[in-house]
Amino acid sequence: MGTKRNQSTKSHSKKHSKVATRDKLQGQNPHKNQRPGNKKSVTAKVNCTGLTDDGKGIVQWEGKQLEVEHLLPGETAEITVSTSGKYVAVELKRVITPSENRVKPACSYYYECGGCQLQHMNGQAQMRFKQVTIEKLMEPFGKPQPILTMDHPYGYRNKSHTTFGLNKDRQIIGGLYAQNSHRLISMDRCLIHDPKADEIWQTIKDMMKSFRIQPYNEDTGQGFLRHVLVKVGKVSGEIMVVLVVASPVFKGKNNFVKALRKAHPEITTILMNVNNKNTSMVLGDQEKLLFGKGTITDTLCGLKFDISAKSFYQINPIQTEKLYAKAIEMAQLTGKETVIDAYCGIGTIGLIASQKAGKVIGVELNKDAVRDAIHNSKRNGVKNARFYQGDAGKFMVEMAARGEKADVVIMDPPRSGSDEAFLSSVVKLKPKRVIYVSCNPETQVRDMKYLTKNGYEVIGIQPVDMFPQTVHVETVAELVLK
Ligand code: SAH
């Protein structure tokens, strides 16, 4: 995410198209065995009785449960149901009796884009939906605390990537891919992005013509500019622009950089990243600094962090401070503990924890992030933290084999969650507390089931609204050794 762990930097290809949903029936792949010749389409009047975990309206139709995008509980609506063999596509045609929770989406691209899924609900309904979803998922462990909400839930994303293409008239357009597709939607503003980021890529789009820069075409492999990644330091105001290009030969790059800096003197660093692979990852391996120091700084919980282009950094710093404060509170540090910060990124949680701990050991897979973590440790004068590059599971297995001790493990894995190597080593190391931060409560539940079967008990769960307008929820859970 979106969301998080999206520094893995997949392009904005998220699910769904228009208001149509293709529903899976009997758990089968909707794209298999389609017989387009055998299509049937009917209009039906339905009542929405609830929401799925991904925010779609649940309705019954001819004895089947269907999911309708953008429909709310209590609403009556007209839908089109198209069947083709065993497969069913559902489209919301018209809401007949709107819910009192329905609002007009603030974004005019909302129904086309799909990057946000909840803009048709008012803020309270969004929070209720997230709370109930987390309560259902976490049922085996107890009742979560009320979600920590965001006062101004727009413009929060400190990182954005934009893609460029040509429209029917061969004019350059820029915007985001519709969810789960590579269909580029031309837009001028994404309301959850930092507004400055959108201004900058618009300027770049306008400059492309005069600099004779063609947008990259994924299908043909022709063209040059693939994406523009903008990262903003919300506190420092520093801005990084990464031009992701298809070839290392950037003709006129000095003039381009000069012109861009003239238009946006607020940009503090510009990099070129070469991605010449046929991939949906945004960033390639080669990076070249074109201007500035190559990193931006942000402040979180009183510490300063330098962030590189490829390092993961939480995308909503206002909510991140609330999340981290909760994680540190749950860790109950007294100044003596050995704390493991697993999946540590640029060292944020570990360095904040180091002020209240005996020592901190951080482990992270991404080389650039570990370099940032070590640098950030020095930058903040932290003497009791060490950071290591490697797979967190392997690192923990080795620690356990050496008979080392840890009092607290703070873990914050990517969306896929942790793995058995890691979790079984936690069980061997027997830390008194495990603080599990997650951007995917489903994998968190899976992993916590493992830990609770092996001696731990979940004693606190705190959801945080890190990704307003979308279905994603961040949670932090506190586990103690029984
Ligand atoms: N705790 C950090 C980063 C969390 S994101 C923060 O709050 O900012 C998850 C991190 O896990 C990413 O930095 C990613 O690079 C890292 N990661 C992914 N797989 C990993 C693995 N197998 N071992 C260690 N780190 C991993």
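Once that is clear, we can look at the overall build of the protein. Helix and strand content of the protein: 10 helices and 22 strands. Taken over C-alpha atoms, the radius of gyration comes to 24 Å for the protein, in line with the 23 Å a tight globule of 482 residues would show. When the backbone C-alpha atoms are referred to their principal axes, the protein occupies close to 65 × 60 × 40 Å. Split into buried and exposed, the 482 residues of the protein put 57% on the buried side. Nonlocal contacts in the protein, meaning residues at least 24 apart in sequence, comprise 66% of its contacts between residues at least 6 apart. Here the protein has roughly 21,200 Å² of accessible surface; of this, 49% comes from carbon and sulfur atoms.

In the structure shown here, the tally under the stated rule is 19 salt bridges. The shortest N-O distance in the salt bridge between Asp194 and Lys234 comes to 3.1 Å. In this pair, Asp194 sits in the loop between strand S9 (184–186) and helix H3 (195–210) while Lys234 sits in the loop between strand S10 (225–232) and strand S11 (239–245), placing the two residues 40 residues apart along the sequence. Judged by relative accessible area, which is 32%, Lys234 ranks as partly exposed. Here Arg379 and Asp306 are joined by a salt bridge, their closest N and O atoms 2.6 Å apart. Separated by 73 residues along the polypeptide, Arg379 in helix H7 (residues 367–379) and Asp306 in strand S15 (residues 303–307) bring together distant segments of the chain. You can call Arg379 partly exposed: its relative accessible area is 37%. On the basis of relative accessibility, which here comes to 7%, the residue Asp306 falls in the buried class. Bridged by salt links that share partners, the residues Lys196, Glu199 and Glu266 form one connected network.

Let us look at the confidence of the model for the protein. Per-residue pLDDT for the protein averages 92, and the proportion of residues at 70 or more is 92%. Every residue in residues 1–35 scores below 50 in pLDDT, and together they form 132 contacts with partners more than four places removed in sequence or on other chains.

The subject of this paragraph is H3. Of the residues making up H3, those classed as buried are Ala197, Asp198, Ile200, Trp201, Gln202, Thr203, Ile204, Met207 and Met208. Each element contacted by the buried residues of H3 is listed here: strand S7 (159–166), strand S8 (172–177), S10, S11, helix H4 (253–263) and strand S12 (267–274). Where H3 begins, one side-chain oxygen reaches toward the backbone nitrogen of Lys196, 2.9 Å away; that side chain belongs to Asp194. In the stretch just after H3, Arg212 is the one whose phi turns positive, near 50°.

The phi angle at Arg212 is positive, at roughly 50°, despite the residue not being glycine. With respect to the helices, strands and loops of the structure, Arg212 is situated in the loop between H3 and S10. Among the residues examined, Arg212 registers a relative accessible area of 75% and is labelled exposed. Of note, the phi angle at Lys430 is positive, near 50°, even though the residue is not glycine. Within the secondary structure, Lys430 sits in the loop between helix H9 (420–429) and strand S20 (433–438).

Positionally, Lys64 belongs in strand S4 (residues 64–68). We classify Lys64 as partly exposed; its relative accessible area is 31%. Distance from Lys64 to Val434, taken between C-alpha atoms, is 42 Å for residues 370 residues apart in sequence.

Below, the discussion takes up the pairing of strand S5 (residues 76–84). Here S5 lies mainly inside the structure; 7 of its 9 residues are buried. Summarising the sheet, strand S2 (residues 39–51) and S5 pair through 9 bridges and their orientation is antiparallel. Bridge pairing links Thr43 to Thr80 in S5. Where S5 meets strand S6 (residues 87–97), 9 bridges bridge the pair, whose relative direction is antiparallel. Within S6, the position partnered with Thr83 by the bridge is Val88.

Bringing the sheet that holds S10 into the picture now. Strand order in the open sheet made by the 7 strands is S9-S8-S7-S10-S11-S12-S13, with mixed pairing throughout. Taken across any chain shown, the strands that pair with only one partner, and hence form the sheet edges, are S9 and strand S13 (286–291). Neighbour-to-neighbour, the strand axes of this sheet turn through a mean angle of 30°, independent of strand direction. Pairing between S7 and S8: 4 bridges, direction antiparallel. Paired with Thr163 across the strands is Gly175, a residue of S8. Here H3 sits on the sheet and contacts S7, S8, S10, S11 and S12; the angle it forms with S8, its principal contact strand, is near 145°.

Another aspect to go through is the site of the ligand. Around the ligand, 17 residues are found, and the nearest of them are Gln314, Tyr324, Glu364, Asp391 and Ala392. Contacts to the ligand include Asp391, whose side-chain N or O atom sits 2.7 Å from a nitrogen atom. Within the side chain of Asp412, one N or O atom sits 2.9 Å away from a nitrogen atom of the ligand. In isolation the ligand offers 570 Å² of accessible surface; the protein chains occlude 89% of this area. Tallied by class, the residues present in the shell around the ligand amount to 8 nonpolar, 5 polar and 4 charged.

This structure, assessed with the given rule, holds 7 aromatic pairs. Relative to Phe256, the ring of Phe211 lies with its centre 5.2 Å away and its plane at 80°, an arrangement referred to as edge-to-face. Of this pair, Phe211 sits in the loop between H3 and S10 while Phe256 sits in helix H4, placing them 45 residues apart in sequence. Among the residues examined, Phe211 registers a relative accessible area of 25% and is labelled partly exposed. Ring centres of Tyr388 and Phe395 lie 5.4 Å apart, and the angle between their planes is 35°; on these two criteria the pair is classed as tilted. Seen from the ring of Phe291, Arg261 lies directly overhead, with NZ or CZ sitting 3.7 Å from the centre.

Calculation notes
Residues numbered from 1 in each chain as written. Predicted model: local features only at pLDDT ≥ 70, side-chain atom pairs only at ≥ 80, totals over all residues. Heavy atoms only, no water. Helix = DSSP H or I, 4+ residues; strand = E, 2+ residues; numbered from the N terminus. Rg over C-alpha atoms; globule rule 2.2 N^0.38 Å. Buried < 20%, exposed > 50% of the residue type's maximum accessible area, 1.4 Å probe, protein only. Contact = heavy atoms within 4.5 Å. Areas by Shrake-Rupley, 256 points an atom, 1.4 Å probe, with all protein chains shown as cover. Salt bridge = Lys/Arg side-chain N within 4 Å of Asp/Glu carboxyl O. pLDDT = per-residue confidence, 0-100. Polar contact = N/O pair within 3.5 Å; in protein donor to acceptor, adjacent residues only side chain to side chain. Pairing = 2+ DSSP bridges. Axes fitted to C-alpha atoms, helices over the stretch in contact; angles between N-to-C directions. Near = heavy atom within 4 Å. Nonpolar A, V, L, I, M, F, W, Y, C, P; charged D, E, K, R; others polar. Phe/Tyr/Trp six-rings, centres within 6.5 Å; stacked < 30°, edge-to-face > 60°. Lys NZ or Arg CZ within 6 Å of the ring centre and 35° of its normal.

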